[in-house]
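Observations on the three-dimensional arrangement
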Amino acid sequence: MNEQLKTNEKDHLIFGGIDTIELAKKYGTPLYVYDVEKIRQNARAFVNQFNKLGVKAQVAYASKAFSSVAMLQVAKQEGLSLDVVSQGELYTALKADFPVEKIHLHGNNKSIDELRMAIENKIGCIVIDNFHEIKLLEQLLNEHDHQIDVLIRVTPGIEAHTHDYILTGNEDSKFGFDIASGQAEEAFNLIIKSKRMHLKGLHCHIGSQIFETDGFILAVQRLYSLMNEWKIKYQFNPEVLNVGGGFGIRYTSDDQPLPLSHYVTALVEEINTQANKYQMDFPEIWIEPGRAIVGNAGITLYEVGSKKEIPNVRNYISVDGGMTDNIRPALYDAKYDAVIANKVNAPKTYQGSIAGKCCESGDMLIWDLRLPEIEAGDILAMFSTGAYGYSMASHYNRFAKPAVVFIENGIDKLVVKRETYQDVSRYDLSYE
Ligand SMILES: *Cc1c(COP(=O)(O)O)cnc(C)c1O
């Protein structure tokens, strides 16, 4: 963490203005805690920059990063749009009373039920991913006598990662229509013939945890050269260009993300250049940040339990959660930073690796972390766990999912209840 940590006179970590040790006592551990002001700041960084540049835009929160009624209410209050990928995510959005016209449905295998639910609830846009979906959607729209705005998701042959990108030509991805092989054009031709689907423009999503703007710029260039072909052949003039999400955040001091407004500026400049070059109207720009809205706004509090010290090898410090509340380290070797929240500024004279309590050797949260002298009952605060933590939580080992607390204006509020072990087995039926 580069940001200065706030502590009180007891050397306890203060988060969102509240003593984290008090939060751990009040709600138990593991506990996800969000600073709602930070969520709002992140959302506004994108929205305000588009406004400042005078560009019509939709900032669609990718709700898979963290979906709950309270979170979607905050997104709604900030005027964001919303990406959903399933009936569950759509249902949560409806429960949060999210404006339906601002909901976009994604997915590489949208089911009939998902599409029907989207149509019946009159959501704003469907991002079309494949030929099977075009057929299903046309059929359902006919049955419902309904029309809907759509984007075509294309794979521009650019894979962007943290610090670099790969030009792949044909992208090896399960998502979207390939450009190079002509699939995107075939989809275009099917969709513009439809009286039910209104093609608004194109969508692409090039990766996640991206720290540079080059990948986005290349994607915009690639999309424009395609759209120019369609303009010449079919007089196509896109109203919307959706360049996806993937904006990087800081997990550890090794990560140096750009200010969020820089991505917006770079995108607007490149889209302006390309639109001028090909003499097309400047489109409405849509982006889909998930991680960048909630990632650094959340922390997880754990209680330290057992310790295993292997001389000259490693010290293992076990906490009361793990891969069931944050699978990212086990799944993609994701790095995190953490402190002992009840002794933040104590000298770091010890080194330990933070282990989860699941029956998996791979259930490690952080390797070789500098720590103060540590003992059972200490509270570990792990930073930047706001994205893909709760949303990827599982019941492995029949663990109950932790609670989620929001903090704003110095007030903490429970927004997702902690599950009980009875909850975990509530759908089990007897076989005796
Ligand atoms: C996952 C995803 C996002 C959000 O990605 P982040 O890295 O969380 O910003 C946006 N759009 C699409 C299509 C995605 O699949």
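What you see is a predicted model, and the numbers here were worked out from it, not measured in a lab. (Residues numbered from 1 in each chain as written. Predicted model: local features only at pLDDT ≥ 70, side-chain atom pairs only at ≥ 80, totals over all residues. Heavy atoms only, no water.)

Digging into the sheet that holds strand β1 (residues 6-7)
Using the following cut-off: A pair of strands is treated as paired once DSSP finds two or more bridges between them. Think of it this way: any DSSP run of H or I at least four residues long counts as a helix, any run of E at least two long counts as a strand, and we number them from the N terminus.
As summarised here, the arrangement of the three strands in space is β1-β2-β3, forming an open sheet in which the pairing is antiparallel. This sheet does not close on itself; its edge strands, each paired only once, are β1 and β3 (18-19). Across two bridges, strand β2 (residues 13-15) lies against β3 in antiparallel orientation. Looking across to β3, one finds that Phe 15 is bridged to Ile 18.

Some points on the site of the ligand
To keep it simple, the criterion reads: For this purpose, a residue is taken to be near a molecule or strand whenever a single non-hydrogen atom of the residue falls within 4 Å of it. Any N or O atom pair separated by 3.5 Å or less is treated as a polar contact, with the protein-specific requirement of one donor-capable and one acceptor-capable atom, and with residues adjacent in sequence counted only for side-chain atom pairs. Using a 1.4 Å probe, accessible areas were evaluated by the Shrake-Rupley method; residue-level cover was limited to the displayed protein chains.
Taken together, 14 residues surround the ligand, and among them Lys 64, Gly 246, Glu 288, Arg 291 and Tyr 388 come closest. At 2.7 Å, a side-chain N or O of Glu 288 approaches a nitrogen atom of the ligand. Take Tyr 388: an N or O atom from its side chain is 2.6 Å from an oxygen atom of the ligand. Within the complex, 91% of the 390 Å² of free accessible area of the ligand lies under protein.

A few points about the UniProt feature "binding site: substrate" (unreviewed entry) in the protein
Applicable threshold: UniProt positions are given in the numbering used here, feature names are shortened, and annotations may be inferred rather than shown by experiment. Three labels apply to residues, based on accessible area from a 1.4 Å probe with only protein chains included: buried if under 20% of the type maximum, exposed if over 50%, partly exposed otherwise in between.
Under the present numbering, the feature "binding site: substrate" (unreviewed entry) in UniProt falls on Arg 291, Arg 328, Tyr 332, Glu 360 and Tyr 388. The greatest C-alpha distance among the annotated residues, which extend across 98 residues, is 26.6 Å, indicating that they are dispersed rather than converging on a single site. For Arg 291, the position within the fold is in helix α10 (residues 291-294). Taking the relative accessible area as the measure of exposure, Arg 291 reaches 9% and is therefore buried.

Regarding the environment of Ala 297
Rules: Any two residues whose heavy atoms approach within 4.5 Å at even a single point are treated as in contact.
Relative to the helices and strands, Ala 297 resides in the loop between α10 and β16 (298-310). A relative accessible area of 0% places Ala 297 in the buried class. Remark: the alpha-carbon pair of Ala 297 and Phe 216, spanning 81 residues in sequence, is separated by 24 Å. Among residues more than four places away in sequence, those in contact with Ala 297 are Phe 15, Val 33, Tyr 34, Asp 35, Lys 38 and Ile 39.

Notes on the nonpolar core
For clarity, the cut-off: Nonpolar cores were defined as sets of buried Ala, Val, Leu, Ile, Met, Phe, Trp, Tyr and Cys residues, with membership established by side-chain atoms within 4.5 Å.
Core analysis: the largest hydrophobic core is formed by 111 residues, its most contacted members being Tyr 61, Ile 126, Val 294 and Phe 406. Apart from residues lying up to four places away in sequence, Val 294 is in contact with Tyr 34, Ile 39, Tyr 61, Ala 65, Phe 66, Met 71, Gly 386 and Ala 387.

Overview of the pattern of salt bridges
Put simply, the rule is: We count a salt bridge whenever a side-chain nitrogen from Lys or Arg sits within 4 Å of a carboxyl oxygen from Asp or Glu.
Counted according to the given criterion, the structure contains 17 salt bridges. Here Asp 149 and Lys 200 are joined by a salt bridge, their closest N and O atoms 3.9 Å apart. One end of the pair, Asp 149, is in strand β9 (residues 148-155); the other, Lys 200, is in strand β13 (residues 197-203), and 51 residues separate them in sequence. Ionic contacts of the salt-bridge type, sharing partners, join the residues Arg 40, Arg 44, Glu 78 and Glu 408 into one network.

Notes on the side chain of Glu 419
What counts, and what does not: Within this scheme the basic residues Lys and Arg register as positive and the acidic residues Asp and Glu register as negative, but His and the chain ends are omitted.
Counting through the fold element by element, Glu 419 comes out in the loop between β23 (411-416) and α12 (421-424). Of the side chains with opposite charge, Lys 401 comes closest to the buried, unpaired Glu 419, at an N-O distance of 5.0 Å. A polar contact is formed between the side chain of Glu 419 and the side chain of His 395, at a distance of 2.7 Å. At 2.9 Å, the side chain of Glu 419 forms a polar contact with the backbone nitrogen of Lys 401. Not counting chain neighbours up to four residues away, the residues in contact with Glu 419 comprise His 395, Ala 400, Lys 401 and Val 424.

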